[in-house]
Amino acid sequence: MEKKKFRFNIIDAIILFVILAAIALLVYVFVISDKTVEEYPKCQIECVIEVTRINENLANEAQIGEGKNVFNPVNNKLIGKVISEPEIKNTITTSFDEETGQEIYPEVEGLKDIYFTLRLDAEKTEWGFAAGDLYFDVNDSVRFRVGDFECSGTCLDLKVID
């Protein structure tokens, strides 16, 4: 049997170059670029968060007052403070009065809405403001903990303090 002689030509060099370039690109994307973390500008924000339909007894007994620390419930990271006494209001629902043909807004018995005003140390990102691995933006839902009271609320107002 006769052995064939291996020849390295320009086509082999191009194929080898393309394979090496693809490997280099994958190494950059998955290894090197992950180590370059973008630094975002730091600031303080104030936001008003509405927590709706909380049991009346729980709302009245929860230790959620001014000066309490606010935490991310997932990793227990401190994200800020409650800066004013939370406002507790009766929950109001929308319904329709068949007789008059008008919308009516009755209170829901036994349920309360709580409005928190929080001051947070945050970073301005392309998705809004990040504080303790949570994102805050107007009309976004956010889960947080004040004392033993863990809840989800909607950010109604947000302003940058400095």
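The sections below set out a description of the structure shown in this document. The structure presented is a predicted model; accordingly, all values stated were derived computationally and were not measured. Residue positions are given per chain, counted from 1 along the sequence in the order it is written. At least 70 in pLDDT is required for a residue's local features to be given in this predicted model, at least 80 for side-chain atom pairs to be given and counted, and no such filter applies to totals for whole chains, interfaces and linings, which use all residues. Heavy atoms throughout the structure, all of them, feed into the side-chain values; hydrogens and water do not.

### Here we look at the environment of Glu 39
The test is simple: In this description a helix means any DSSP run of H or I spanning at least four residues, a strand means any run of E spanning at least two, and both kinds are numbered starting from the N terminus. Between buried and exposed lies partly exposed: a residue is buried under 20% and exposed over 50% of the maximum accessible area for its type, with that area taken using a 1.4 Å probe on protein chains only.
Among the secondary structure elements, Glu 39 is positioned in the loop between α1 (10–32) and β1 (42–55). For Glu 39, a relative accessible area of 64% puts it in the exposed group. Glu 39 sits 84 residues away from Glu 123 along the chain, and the two C-alpha atoms are 8.8 Å apart.

### Section: the pairing of strand β2 (residues 69–72)
One face of the sheet, then the other: side chains in a regular strand alternate in exactly this way. Stated precisely, the cut-off is as follows: Here a strand pair is declared whenever DSSP counts at least two bridges between the two strands.
Where β2 meets strand β3 (residues 77–82), 4 bridges bridge the pair, whose relative direction is antiparallel. By the bridge assignment for β3, Phe 71 is matched with Leu 78. Linking β2 to β3, which pair antiparallel, is a turn of 4 residues; within it Asn 76 sits at a positive phi near 60 degrees.

### Side note on the pairing of β1
Inspection of the sheet shows β1 paired to strand β7 (residues 107–125) by 12 bridges, in the antiparallel sense. For Ile 49, the partnering residue across the bridge sits in β7 and is Phe 116. Here 6 bridges tie β1 to strand β11 (residues 149–160), and the two strands are oriented antiparallel to one another. The partner of Glu 50 across the bridge, within β11, is Thr 154.

### Focus: the nonpolar core
Note the threshold: As used in this record, nonpolar core signifies buried Ala, Val, Leu, Ile, Met, Phe, Trp, Tyr and Cys residues forming a set joined through side-chain atoms within 4.5 Å. In what follows, residue pairs with any heavy atoms lying within 4.5 Å of each other are defined as contacts.
Grouped together as the largest cluster of nonpolar side chains are 28 residues, with contacts concentrated most on Phe 116, Phe 136 and Phe 144. Looking at this core, the elements that each hand over two or more residues are β1, β3, β7, β8 (128–131), β9 (134–136), β10 (141–146) and β11. Element by element, the count of residues in this core is highest for β1, at 6 residues. Contact partners of Phe 136, with chain neighbours within four places excluded, come to Ile 45, Cys 47, Ile 49, Ile 79, Leu 120, Gly 128, Phe 129, Ala 131, Val 142 and Leu 158.

### Digging into the pattern of salt bridges
Counted only if it meets this: One speaks of a salt bridge when a side-chain nitrogen belonging to Lys or Arg is within 4 Å of a carboxyl oxygen belonging to Asp or Glu.
Within the structure shown, the criterion is met by 6 salt bridges. The salt bridge partner of Glu 56 is Lys 112, with a shortest N-O separation of 3.8 Å. You can see Glu 56 sitting in helix α2 (residues 56–61) and its partner Lys 112 sitting in strand β7, a full 56 residues away along the chain.

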